[in-house]
Structure formats: C-alpha cells, structure tokens
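Spelled out, the chains give:
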Amino acid sequence: MRFLHTADLHLAKPFGRFDEDTRAALRHARLTALRAIGQAARDHKADVIVIAGDTFDAETPPAKTINRALRTIADVPEVTWVLMPGNHDSLAAVELWERIARDAPDNLRLALAPEVIEIGEDVAILPCPPTVRAPGMDLTAWTAQCETPGRIRVGLAHGGVVDFGSEAATPAIIPPNRAETAGLDYLALGDWHGQMQLTPRTWYAGTPEPDSFKGHPPAGALLVDIAAPRAEPVVTPIHLGTFQWHDLNLQCLEGVDPLDQLAQTLPQKDRDTALVKLTLSGRLGLSDHAALLSACEGLREDFHHFEVHADTLGIAQSVTDLDLIAEAGALRTAADNLMAATDLTGRSVEDAQVAQIALTHLFYLAQEDREA
C-alpha cells in the first residue's frame, strides 16, 4: 500500500491578527495546499489520501469553502480520499457532515464512525473520529479489539499522544504505543501542526501549509509505503506549502552595527511569501536605535508580512546622543529626565517603555528640526 497522510488543513481559518490582504492570501493558500496534496498523490502514484482531522477550522465553514474542497477532491478521481473529523470539525458539526455526505464525490470515503473502511482487497482503515471537540476519552481503544485478517491495518486518529501541560496521563490521551498494542501497521495522527515521528509506525503529518510562528518542521504531507501486513512502513516527508513563517530575534550590541546585524538576520530569498516576526533586544544608543527602527520600517513592504517588536530594546545612555537633541535649555532637561526614566530601577517595565518611546520620539523630532 502507498498512501499520503495529511491533516490539519484548517480551511477557512480566519487569521484575525493580520490585515485583510494577508488574511485572504493565507486562507487561499490552504485551499492551494489541498490541491497540492492531490497532485502529490498523482506524482508519487499513491492510491489513497487519508486526512486525519481538522480539514475545516470550524464547525460552520462557509459554503463556498466546502464546495471548493469537494471539487478539489473530485478533480483527482483516480485517488481515494478518506476524510475524518477532527476536534475543530468534530461529529458535533452535524450539518457540516450531512452536507459533505450529500455532496461527496464518488472518490471520497467519510470516516464518521469507529468502523472498518475496507480499501480494495488488502487494506483496512480504522478511523477514530472525535465525537465532540474534547471527547475526554481515548477514542483509539476500539482498534485493539478489531480484527481484520490478512489486511494492512491503518489507524486514523486526531488528538494528543503527549499532554504537554501535565506529567500525568489523562483519559483523553492516545497511548503512544497504540499502533503496537492494536497491531496497526501505521497510525496516522492529526492535531499537532508539525510533522513528528513518535514510533516507526506512528506519525503526526502536521499541517500541509504553515500557519504560525511556532517554528515547526517544514510543512507538507507524509508518503507512506507498507509492503505487507506487519511490514515496517517507509515514511517520506513531502514538502508542500506556499508561505514561510520566520520568528527571528536580533540581540543588539553596542559597538556592533545594528544594520549589518539586521541584514544578516532577515531571510534574503522568497521575501514576497515570507511572514516575519522580528524581536529586538539589547541596548543601543539613540542614533543607532533610530537608524534600526527606520531601516525596519523601510523593509516592511519587502515581505508579505513584517512585524517588529522593540519593547525589549533598551536605550544606552550617551551624552553624545542627548547633545543631538539639545545641548542645553528646557529641551535638554526634558531629554535628561526621559533618559533617567528609561532605567528600570524603582519603576515598572511599562513606565520605562513609555519613557523610552517618548525619548525616541523626541530624538526623531529634533533630527527633523535640524534637517529642516
């Protein structure tokens, strides 16, 4: 058996933190990823695509999104698609799954119950669809009692194998050795958005289109080859995805040109499909501080999305920098007072940041006045 394992497309995800153009582009990229999965199945001669949940981001996605997804599936008629609910689009979304069942193309098999789905003469899919967003129990338990003589057994589940918030296992956690205890040749998991191998037989596919700054491995799908029942699967990551998400940190050091550091930190290629979150830290004099922020502002249009977080970038005290504001008089007194207020000693981080912003703004105004 050769198949593609994917999950967590989250079609119609709102991406509310971004501007409308970026939101629209990111939503479109998720539909593009679905088409890319179908093409990858063709290219690699895979007979089946299994989607381990969260095809849709919500229980009530727009009708247009549902229709486009079903048309994309129908456009690859030689491949059997097996579609299972996740926690975002669980079986509680009755209207969603009734609509999909009504409009499903002939090559789509819905995994809406813990029942064996037979693929040809040699393969059994054992789905474990979430009944609600948080079922509160291990839905894979039934696979250990299910017999499928002579068939390759592929489990399909959505949920956590490791509870990252607690050392103690909870009833909802999928046992990490479920593939072994249930005699599964492969357990295809969804929920975790980064590709991850748990055992030779148990993998998270991750999302095929990246969707956050969390730093997951490259997005894509998994090509799985199983030669015969109980043969160890051969799993090959297939890289997909349109956008690249970069969570970058720039530690500024006095005496080092911050513009050179900036150039070395930022990606040089594919900037039009890059989303960048840049966090600045360290301390700079007012001149370098202003130059760095100005350079960041000038780069904003180079990237699809570019955001700068400078709250942790402090200002180094420098008489020379203050002289550029004013050498004497009330303006210099104001600058001295603001510089003193940027020190955290005896004051809150918020108050120090307000003083820093005010001092930086005063520096900008003074330079504009000099240029005029």
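Here is what the cut-offs are and how they apply
Residues numbered from 1 in each chain as written. Predicted model: local features only at pLDDT ≥ 70, side-chain atom pairs only at ≥ 80, totals over all residues. Heavy atoms only, no water. Phe/Tyr/Trp six-rings, centres within 6.5 Å; stacked < 30°, edge-to-face > 60°. Helix = DSSP H or I, 4+ residues; strand = E, 2+ residues; numbered from the N terminus. Buried < 20%, exposed > 50% of the residue type's maximum accessible area, 1.4 Å probe, protein only. Pairing = 2+ DSSP bridges. Axes fitted to C-alpha atoms, helices over the stretch in contact; angles between N-to-C directions.

A. Examining the packing of aromatic side chains more closely. Evaluated as defined, the whole model comprises five aromatic pairs. With 5.7 Å between their ring centres and 75 degrees between their planes, Phe-18 and Trp-245 make a pair best called edge-to-face. With a gap of 227 residues between them, Phe-18 in the loop between strand 1 (2–6) and helix 1 (20–43) and Trp-245 in strand 13 (residues 244–252) connect regions that are remote in the sequence. For Trp-245, a relative accessible area of 14% puts it in the buried group. Between Phe-213 and Trp-245, the aromatic rings sit 5.0 Å apart at their centres with planes inclined by 70 degrees, giving edge-to-face as the arrangement. One end of the pair, Phe-213, is in the loop between strand 10 (202–204) and strand 11 (220–225); the other, Trp-245, is in strand 13, with 32 residues separating them in the sequence.

B. Structural context of the sheet that holds strand 5 (residues 117–119). With mixed pairing, six strands are arranged side by side in an open sheet as 5-6-7-8-10-9. Looking at which strands have only one partner, the edges of the open sheet turn out to be strand 5 and strand 9 (196–199). Pairwise comparison of adjacent strand axes, ignoring direction, gives a mean angle of 20 degrees for this sheet. Relative to strand 7 (residues 152–158), strand 6 (residues 123–128) runs parallel, the two sharing six bridges. Within strand 7, the residue paired with Ile-125 across the bridge is Val-154.

Geometric descriptors of this kind do not, in isolation, establish any biological role.
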